[in-house]
Amino acid sequence: MPKKRRRLSDYSSRRATFEATFRGYSSDSRKGTTLLFGTITDLETGHVISDHQWFHEGRRLEALGDLDVGAKIRFDARAKRYRKGRNKAKSDWKLAWPTKLKRG
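Residue positions within a chain follow its written sequence, with the count starting from 1. Where local features are concerned, this predicted model is filtered to residues with pLDDT of at least 70; where side-chain atom pairs are given and counted, the filter is 80 or more; whole-chain, interface and lining totals use all residues. The side-chain quantities take in all heavy atoms of the structure and omit both hydrogens and water.

Trainee: So what exactly am I meant to see when it comes to the nonpolar core here?
Mentor: One recurring pattern in soluble globular proteins: nonpolar side chains tend to sit buried together. In terms of nonpolar packing, the biggest core is built from 21 residues, with Phe-18, Phe-37, Ile-40, Leu-67, Ile-73, Phe-75 and Leu-95 touching the most fellow members. Numbering of helices and strands runs from the N terminus, with a helix taken as a DSSP run of H or I at least four residues long and a strand as a DSSP run of E at least two residues long. Breaking this core down by element, the ones donating at least two residues are strand 1 (16-28), strand 2 (32-42), strand 3 (48-56), strand 4 (72-84) and strand 5 (90-103). Apart from residues lying up to four places away in sequence, Leu-95 is in contact with Leu-8, Phe-18, Ile-40, Ile-49, Gln-53, Phe-55, Phe-75, Ala-77, Arg-78 and Ala-79. Throughout, nonpolar core names a set of buried Ala, Val, Leu, Ile, Met, Phe, Trp, Tyr and Cys residues whose side chains join them through atoms within 4.5 Å. Residue exposure (1.4 Å probe, protein chains only): buried if accessible area is under 20% of the type maximum, exposed if over 50%, otherwise partly exposed. Here, residues are in contact when the closest pair of their heavy atoms is within 4.5 Å.

What follows is the structure in structure tokens.
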């Protein structure tokens, strides 16, 4: 059965456990270090819910140590709406407040 992409807004009222594949780091003087993850999968349903997700490197992600491209991680999170773009004119959804991070 093919995996279906789910709307992130479906996860705004509940936490779920996800698995993601590490794709790389990015860094700039304004935002600091961010990590890019791809193929975000809901482990309960097996559905892919997003093709990518950026997370700011905080204590929890830093505690995982250096990640190699292709490394899998698991975490709990819930979705949050945010404003995007230069003028913040558009809104979108992202996974937020990741906890229980561990290597997959």
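This is not the end of the story, as more comes after the structure.
Trainee: For this particular structure, what's the right way to read the sheet that holds strand 1?
Mentor: By definition, two strands form a pair when at least two bridges between them are found by DSSP. Sheet architecture is open: five strands sit in the order 3-2-1-4-5, paired in antiparallel fashion. With one partner strand each, in any of the chains shown, strand 3 and strand 5 form the two edges of the open sheet. Neighbouring strand axes in the sheet, compared pairwise and without regard to direction, differ in orientation by 35° on average. As paired strands, strand 2 and strand 3 are joined by seven bridges and run antiparallel to one another. Bridging across to strand 3, Thr-41 finds its partner in Val-48. Simply put, an axis is a line fit to the C-alpha atoms, just over the touching stretch for a helix, and the angle between two N-to-C directions goes from 0 to 180 degrees.

Trainee: Help me out: how do you make sense of the pattern of salt bridges in this one?
Mentor: Where charged atoms of side chains with opposite charge meet at close range, the side chains can pair. Salt bridge, as used here: a side-chain nitrogen of Lys or Arg that lies within 4 Å of a carboxyl oxygen of Asp or Glu. With the rule as written, the count across this model stands at four salt bridges. In this structure, Asp-10 and Arg-7 form a salt bridge, with 3.0 Å as the shortest nitrogen-oxygen distance. For Arg-7, a relative accessible area of 58% translates into the label exposed. Of the charged contacts, one joins Arg-74 and Glu-19 as a salt bridge, the two residues approaching to 3.4 Å between their closest N and O atoms.

Trainee: When you look at the side chain of Asp-42 in this model, what are you seeing that I'm missing?
Mentor: One can find Asp-42 in strand 2. Nearest to the buried, unbridged Asp-42 among oppositely charged side chains is Arg-14, at 4.2 Å. Discounting chain neighbours no more than four positions away, the residues touching Asp-42 are Tyr-11, Arg-14, Thr-17, Phe-18, His-47 and Ile-49. Positive: Lys, Arg. Negative: Asp, Glu. His and the chain ends are not part of the count.

Distances and angles like these do not, on their own, reveal function.
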